[in-house]
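Letter by letter, the chains look like this.
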Amino acid sequence: MAEILRYDHVDITYNGFRAIKDVSFTVDEGEILGIVGESGSGKSTLIKAAMGLLGDFGMVTRGDIWYKGMDLPDLPANELRKLNGPELGMIFQSAGSSFCPIRTVGAQLWECAREHEAIEKEHFRARALDLLRKIGFENGQRILDSYPFELSGGMQQRVGIAAAMLLNPSVLLADEPTSALDVSVQKQVVEEMLLVRKTFGTAIVLVTHNIGVIGAMADRVLVMRNGETVEYGETEQVLNHPREAYTRTLMAAVPRLRK
């Protein structure tokens, strides 16, 4: 598999505080990389940096983030904006909050598509319905006609995946996509994201503190603590035969039910 995304010795700073320290990893085409660690370890900051979502006080102060030969932090804002959506998709922790509550899902997806390409409304609707069908929605038309508040939290999260995939990006960045969901709905979202990879060949960078989700989805794992890399390697190796004490501590913290 060819490499599609590479972080090269990246530092990220907020107001002079170095939140990410010398982090490097690669993502191949169609690969799922899991980034795991406790709260505050810098997981979300890492993926937000690729899309220029660090806000007014955050910036990449060292290293490079390479995507298809382009160094993302060095791109002008208007060039990065062209990549966000068609090339780099994002699923937020609470997808419902990223939708406008007083406009239908269909109207918002249509606006997103029209922002990046000239597309007739009927062509858009056919594409959206086809996408919703491919990722498991039986009644796509009802979804498009619904307002976000008419959908459950789990359904909003699944629609967030559909929204991120509408322009068929090569890389999907997922920021804690299952953390606010019931266990049964988490399973649906995990299956949906795996289906996205299988159907479209999409590479996924998955940020989570849920070791179970990592085990079910990821090909490789990056373990982080205090903005630094603790361990990085194949999922089976890292989860079942961790080399570092911190990784072993994380694994020991996973709840296990006794009969």
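Placed above this text is the structure.
Quick caveat, the model's predicted, so the values are computed rather than measured.

Visitor: Any details on the sheet that holds strand β4 (residues 58-67)? Residues and values, ideally.
Guide: Pairing within the open sheet is antiparallel, and its four strands lie in the order β2-β1-β4-β5. What marks the edges here is a single partner per strand, and that holds for β2 (17-28) and β5 (70-71). Along the sheet, helix α1 (residues 43-50) contacts β1 (3-14), β2 and β4; its crossing angle with β1, the most-contacted strand, is approximately 115 degrees.

Visitor: Go over the nonpolar core, please, and point to the residues and values.
Guide: Ranked by size, the top nonpolar core spans 48 residues in total, and within it F124, I143, V159 and M193 carry the most contacts. Per-element accounting of this core gives the leading share, six residues, to helix α6 (residues 153-165). For I143, the contacting residues outside a window of four places in its chain are V105, L132, F137, L151, M155 and V159. The next biggest cluster of nonpolar side chains, apart from the first, holds 32 residues, and it includes I47, I65, Y67 and L222.

Visitor: Summarise the packing of α6 against helix α7 (residues 183-200); cite the residues concerned and give the values.
Guide: Two numbers describe how α6 lies on α7: the axes approach to 10 Å, and their chain directions differ by 15 degrees. Classified by the angle their axes make, α6 and α7 are roughly parallel. Considering how the two elements wind past one another, α6 and α7 form a crossing that is right-handed. Residue-level inspection shows G154, Q157, R158, I161 and M165 of α6 in contact with α7, the latter providing V185, Q188, V189, E192, M193, V196 and F200. Broken down by class, the residue content of the contact of α6 with α7 amounts to seven nonpolar, three polar and two charged.

Conventions and cut-offs
- Residues numbered from 1 in each chain as written.
- Predicted model: local features only at pLDDT ≥ 70, side-chain atom pairs only at ≥ 80, totals over all residues.
- Heavy atoms only, no water.
- Pairing = 2+ DSSP bridges.
- Helix = DSSP H or I, 4+ residues; strand = E, 2+ residues; numbered from the N terminus.
- Contact = heavy atoms within 4.5 Å.
- Axes fitted to C-alpha atoms, helices over the stretch in contact; angles between N-to-C directions.
- Core = buried A, V, L, I, M, F, W, Y, C linked by side-chain atoms within 4.5 Å.
- Buried < 20%, exposed > 50% of the residue type's maximum accessible area, 1.4 Å probe, protein only.
- Parallel < 35°, antiparallel > 145°, perpendicular 65-115°, else oblique.
- Left-handed = near helix turned anticlockwise from the far one by under 90°.
- Nonpolar A, V, L, I, M, F, W, Y, C, P; charged D, E, K, R; others polar.

In short, the description is geometric, and any link to function would need to be established separately.
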